[in-house]
Amino acid sequence: MAFEGPITPESLHRTLLPGAACLRAVRDTLVPLRMAGLNDAVRAAAGRPTHPELVLEAIWESSSCLELAANVAAPWVDPQLRPDSGPWGEMVVYDGGRATRFYESSHKWGATSAEVLSAHAIGPNGSLPLIDVFERMGLRDRALLSAMRKAEAATARHMLDVLKYLATSWNQLRGLANSFEHGLVSAPPSIGVVTDSTDAPIEGAFVTWLAKGEQLATLSPDQMAGALSVATDSGRLALDLARHFADARLFGFHGLDIEAGTWRFHESFSAPFPHWVRRDDLTSEERSLLLAFSVAVRPDPR
Amino acid sequence: MQSRSFRIDALEGMGASGSGGPEFLIYCHGGTRRASLRRSSINRALALYRRASTGGGDAYPEALLVLQRVGLAISDLTRLLAGLRAAVQGDDAFHALRQTAAPARTQLLDELVSDPAARKAVLGLAPPTASTTCPRELVEAITAAYAAADRQWLDHLTEAQITWRKVAAVSKACRHGLPILPKPLVEAPPGAGALSQGIVTGPGPWAVLPQTNVERADSAMHTTLTVVPLSRQELEEARSSSLRALALFRDLAYIHCQRAAGAEWIVSPKALRALGSAEVAVLKQFGTRLGL
């Protein structure tokens, strides 16, 4: 078994177990939490154009989904990461600018960052390709290795496309989401009206201030359905992304043999190659190969 | 983006001293609708929790959603209080409402619970003194009404303070995607390592909230672990407390609008119920000046 390395009790206690617990919490609790909140807000807002606040609430829920995805991923690609506790140490620090930095920098990323986020490149600075690990473990099936390479490239492409879309959504949604949370102003029609550039009133428009001194933001009835749609799509996509990040990073913990104190595949597990692709990126045969692949560990003869 | 503007047609008291500015006044005019939105949001989350926990499940995601929305509701109250204080001081209340950080709002809530004079000033409970335009029996009735309002509002503030202490951090963590570890992750092998060290747990479902402060000067990190109880009773109590906080939010916002519009003495309709019939009769006699 080529993929082994020592684990000290200190690193296990301070880095590995907390990291795995945080990722499992994201995948199994926080993603379902955000999905429940988003679906609830979208259901409440759908078809109620006279309640624009409900659209704002859905936008707020959506921005939370985007923030969760950013918070899970950023520690692995943030050059300012503090090394003392590993990425989980960064995840539990509230940093109000992290999500914006994450989405604003994502357009500069290449395939390497995507490979790190999908755990296709592991080890220090993503220096160890996962496919190499499998080859060093003895994998020789050319068709399977080819499917892995194809899935790796497709996952990177898909992730970068999704991040581009989410970066745009983040810019559109975050001001309105903050407004909903910090100072939503629901101006009743009896007080005033939103007017267009010709000073004509826009009936039913909703007004809010994005920040003190800034131009106010408005949502007219014809914009609300579109805003709700963007909030819904972005939120759900961000949750898929967060789940993929967490699940992919948890891959490494399958190889953790706590009793022996080493990195080694100590148990059999299935579908060990994380991938997140579009329907047409892989053939059905390639999908089947990836899903059928499992790591089976023989008893150590020593 | 299309060019749009907001034309204010009628905003009574917009320029009045102590109004806090037009944005704050508009915010207060929307208080009832805002409180209703938050209340509905909390009730929907609790309904999700009840459905998910039917049959004995712990329903961690839904439980956390309830606490997040409870936290947002009480946060609204603390923001309004920060705005009202700024208005009383002649400052820009909308700026204070939006920019006062959570620790300062927590401190304000503590202050209003413990200091009657601060409460009187911020909530507008200073009674008039007798004069030719304010007869003695009216002064006495208003004083009694304000004392009743103070007792009721103190109860709501105290309850909000207790719940806020429990939910503020977990609500913020939910909002911003910070990890919260449910009990099974911490208790079942292999555990959570350093994130379970030294925690004191109780019965029922709970979650661990790790909070890390970073001293930027030396990048030193200090993580504290808080156990958040998530039993059904805790959630129901948090909901009740937040609904009362929202009721207070609505009343204070309404009263501020009335005061800015020129009503001299404002008596909460709920406070009237605590008064004797003679006092109520006096207040009603002067009702137009009371903003009732």
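Keep in mind that what you see is a predicted model, and the values were worked out from it rather than measured.

Within chain B one finds 12 helices and four strands. Overall, the C-alpha framework of chain B stretches about 75 × 50 × 40 Å when taken along its three principal axes. Burial status across chain B gives 53% buried among its 292 residues. Contacts spanning at least 24 positions in sequence make up 68% of the contacts within chain B whose residues lie at least 6 apart.

Let us now look at the interface of chain B and chain A. Counting residues at the interface gives 60 residues for chain B and 76 residues for chain A. Buried surface at the junction of chain B and chain A, both sides included, amounts to about 6100 Å², of which 57% is carbon and sulfur. Inspection of the region where chain B meets chain A yields seven salt bridges. Between A:Asp40 and B:Arg44 there is a salt bridge whose closest N-O contact spans 3.0 Å.

Residue and element names in this part refer to chain B. Mapping alanine 148 onto the fold places it in helix α7 (residues 136-176). Judged by relative accessible area, which is 2%, alanine 148 ranks as buried. For alanine 148 and serine 277, which are 129 residues apart along the polypeptide, the C-alpha to C-alpha distance reads 14 Å. Here alanine 148 is in contact with Ala271, Ala274 and Leu275, once residues within four sequence places are set aside.

This part is about unusual backbone geometry. Residue B:Pro190 is reached from B:Pro189 by a cis peptide bond, and omega for that bond is 5°. Of note, A:Ala119 is a non-glycine position whose phi angle comes to about 60°, a positive value. With respect to the helices and strands, A:Ala119 occurs in the loop between α5 (111-117) and β1 (121-122). We classify A:Ala119 as buried; its relative accessible area is 2%. The phi angle at A:Asp199 is positive, at roughly 70°, despite the residue not being glycine. One can find A:Asp199 in the loop between β3 (192-195) and β4 (206-209).

The next point concerns the pattern of salt bridges. Following the criterion strictly, the structure yields 28 salt bridges over all chains and no others. Residues A:Arg243 and A:Asp240 are paired through a salt bridge, measuring 3.2 Å at the closest nitrogen-oxygen approach. Taken as a pair, A:Arg243 and A:Asp240 lie in helix α8 (residues 221-254) at a separation of three residues, close to a single helical turn. When its relative accessible area of 34% is taken as the criterion, A:Arg243 is described as partly exposed. Judged by relative accessible area, which is 30%, A:Asp240 ranks as partly exposed. One salt-bridge network, in which partners are shared between bridges, spans A:Arg34, A:Asp40, A:Glu57, A:Glu61, B:Arg44 and B:Arg69.

To continue, consider the pairing of β3(A). The alternating pattern of β3(A) places A:Gly192 and A:Val194 on one face and A:Val193 and A:Thr195 on the opposite face, and all of these are buried. Where β3(A) and strand β1 (residues 5-8) of chain B come together, four bridges link them in antiparallel fashion. Pairing of A:Gly192 across the sheet is with B:Ile8, part of β1(B).

With that out of the way, let us pick up the packing of aromatic side chains. For any pair of aromatic rings, geometry is given as the distance between the ring centres together with the angle between the planes. Enumeration over the complete set of coordinates arrives at eight aromatic pairs over all chains. Ring plane angle 75° and centroid distance 5.1 Å describe the contact between A:Phe102 and A:Tyr103, whose orientation is recorded as edge-to-face. Considered together, A:Phe102 and A:Tyr103 belong to a single accessibility category, that of buried residues. An aromatic cluster of at least three residues, connected via ring pairs, comprises A:Phe102, A:Tyr103, A:Trp109 and A:Trp170. Positioned above the aromatic ring of A:Phe180, the side-chain terminus of B:Arg38 is 4.6 Å from the ring centre.

Reading guide: rules and limits
Residues numbered from 1 in each chain as written. Chains lettered and ligands numbered in written order. Predicted model: local features only at pLDDT ≥ 70, side-chain atom pairs only at ≥ 80, totals over all residues. Heavy atoms only, no water. Helix = DSSP H or I, 4+ residues; strand = E, 2+ residues; numbered from the N terminus. Buried < 20%, exposed > 50% of the residue type's maximum accessible area, 1.4 Å probe, protein only. Contact = heavy atoms within 4.5 Å. Buried area = accessible area lost by both parts, 1.4 Å probe. Salt bridge = Lys/Arg side-chain N within 4 Å of Asp/Glu carboxyl O. Pairing = 2+ DSSP bridges. Phe/Tyr/Trp six-rings, centres within 6.5 Å; stacked < 30°, edge-to-face > 60°. Lys NZ or Arg CZ within 6 Å of the ring centre and 35° of its normal.

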